[in-house]
Amino acid sequence: MSDLPYDIHLDVKFPALECIDVAGYAAQQTPWWNQTLSKVNDCVVRLGVIHGDFHWHKHDAEDEFFYVVDGRLLMELETKTVELLPGQSILIPAGVLHCPHAPERTTILMFEGSGVVPTGD
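What comes next is a walk through the structure. Position numbers for residues count from 1 along each chain, tracking the sequence in the order it is written. In keeping with the predicted nature of the model, local features appear solely for residues at pLDDT of at least 70, side-chain atom pairs appear and are counted solely at 80 or more, and the whole-chain, interface and lining totals rest on all residues. Heavy atoms throughout the structure, all of them, feed into the side-chain values; hydrogens and water do not.

**Details of the pattern of salt bridges**
Piece 1. Each reported salt bridge corresponds to a side-chain nitrogen of Lys or Arg within 4 Å of a carboxyl oxygen of Asp or Glu. Taken as a whole and judged by the stated rule, the model has 4 salt bridges.
Piece 2. In this structure, Arg46 and Glu112 form a salt bridge, with 2.3 Å as the shortest nitrogen-oxygen distance. Within this pair, whereas Arg46 is found in strand 3 (residues 43-53), its partner Glu112 is found in strand 8 (residues 98-113), the two being separated by 66 residues in sequence.
Piece 3. With its nearest N and O atoms 2.4 Å apart, the salt bridge here joins Asp60 to Lys58. Secondary structure elements follow DSSP: runs of H or I of four or more residues count as helices, runs of E of two or more count as strands, with numbering from the N terminus.

Below you can see the structure in the form of structure tokens.
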């Protein structure tokens, strides 16, 4: 991941039973930033602050769930583009090529298996 222009942190930032101020924590970050917030069983909750274009990628063995906290996310797929606004989400099944775009500063939560590499397989 070091050769890509993303600031990705896979360490778990918050232990169980600790309040997480998602909006406050996200406000301190600059795009393209990604932090694992918590681990839930064999999955993780990741917080992303994005603006601009990510790259086309897929996760061969794991699904990925995106939830928009604020801003606007355009999820480009091979056959269509899905626009997501605050409070909306999308599940990207394993093996599906996707390319996230954020035309403005956008905060997202991602729910995925703890072994998922955010930049793809």
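**Structural notes on the nonpolar core**
Piece 1. The biggest cluster of nonpolar side chains holds 16 residues, and the ones touching the most others in it are Ile50, Phe66, Leu73, Met75, Ile92 and Ile108.
Piece 2. Looking at this core, the elements with two or more residues in it are strand 4 (64-70), strand 5 (73-77), strand 7 (89-92) and strand 8.
Piece 3. In contact with Phe66, other than residues within four places in its own chain, are Leu73, Met75, Gln88, Ser89, Ile90, Ile92, His98, Ile108, Leu109 and Met110.
Piece 4. Residue types Ala, Val, Leu, Ile, Met, Phe, Trp, Tyr and Cys, when buried and joined through side-chain atoms within 4.5 Å, form a set referred to as a nonpolar core. Burial here depends on accessible area, computed with a 1.4 Å probe over protein chains only, as a share of the maximum for the residue type. Under 20% is buried, over 50% is exposed, and the range in between is partly exposed. Of all hydrophobic cores here, the second largest spans 9 residues; its members include Phe14, Tyr25, Leu47 and Val49. Should any heavy atoms of two residues lie within 4.5 Å, those residues are considered in contact.

Read these as geometric descriptors, not functional statements.
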